[in-house]
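What follows is each chain in one-letter form.
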Amino acid sequence: SCARASRKLAVVSHTLDGPLGWLASVHFALALGSSAAAGLWPRADGSSSPLLVAGCLQPPDEPGLGAAE
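Report follows, based on the coordinates. None of the values given here were measured: they were computed from a predicted structure.

### Thoughts on the overall build of the protein
Check the secondary structure of the protein and you find two helices and two strands. Listing every helix and strand of the protein by position from the N terminus yields α-α-β-β. Every one of the 69 residues in the protein was classed for burial, and the buried ones make up 25%. For the protein, the proportion of contacts with a sequence separation of at least 24, taken over those separated by at least 6, is 47%. Taken as a whole, the protein presents about 4,900 Å² of accessible surface, with 59% of it coming from carbon and sulfur.

### Describing the side chain of His27
By secondary structure assignment, the location of His27 is in helix H2 (residues 19-31). Within polar-contact distance, the side chain of His27 engages the backbone oxygen of Leu65 at 3.3 Å. Leave out the neighbours within four places in its chain, and His27 touches Leu51, Pro60, Gly64 and Leu65.

### Some thoughts on the nonpolar core
Listed in full, the 10 residues of the largest apolar core are Val12, Trp22, Leu23, Val26, Ala29, Ala37, Leu40, Leu51, Leu52 and Leu57. The element best represented in this core is H2, accounting for four residues.

### Re H2
End to end, H2 covers 18 Å across 13 residues, agreeing with the expected 18 Å (1.5 Å per residue, within 8%). Once H2 finishes, Gly33 follows within two positions and takes phi at roughly 90°, a positive value.

### A look at the environment of Phe28
Tracing the sequence through the fold places Phe28 in helix H2. For Phe28, a relative accessible area of 48% gives the class partly exposed. Sequence separation of Phe28 and Ser13 is 15 residues, and the distance between their C-alpha atoms is 9.8 Å.

Criteria and cut-off values
- Residues numbered from 1 in each chain as written.
- Predicted model: local features only at pLDDT ≥ 70, side-chain atom pairs only at ≥ 80, totals over all residues.
- Heavy atoms only, no water.
- Helix = DSSP H or I, 4+ residues; strand = E, 2+ residues; numbered from the N terminus.
- Buried < 20%, exposed > 50% of the residue type's maximum accessible area, 1.4 Å probe, protein only.
- Contact = heavy atoms within 4.5 Å.
- Areas by Shrake-Rupley, 256 points an atom, 1.4 Å probe, with all protein chains shown as cover.
- Polar contact = N/O pair within 3.5 Å; in protein donor to acceptor, adjacent residues only side chain to side chain.
- Core = buried A, V, L, I, M, F, W, Y, C linked by side-chain atoms within 4.5 Å.
- Expected span 1.5 Å × (residues − 1).

Right, dumping it as structure tokens:
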């Protein structure tokens, strides 16, 4: 990406999204190659997620957003 080429860090964040929007933002940040949870941690609703460990994003174990159906 342009940010990586110029040695800049892209930060993904969300403000008014619910849990599903948060999951989408996490997947977007991971797709950009970031494991930093800046802008995504702590979660606004105060809940935890297996995709967030000690302030770092973790890739999911299975395909999909990881939301319960």
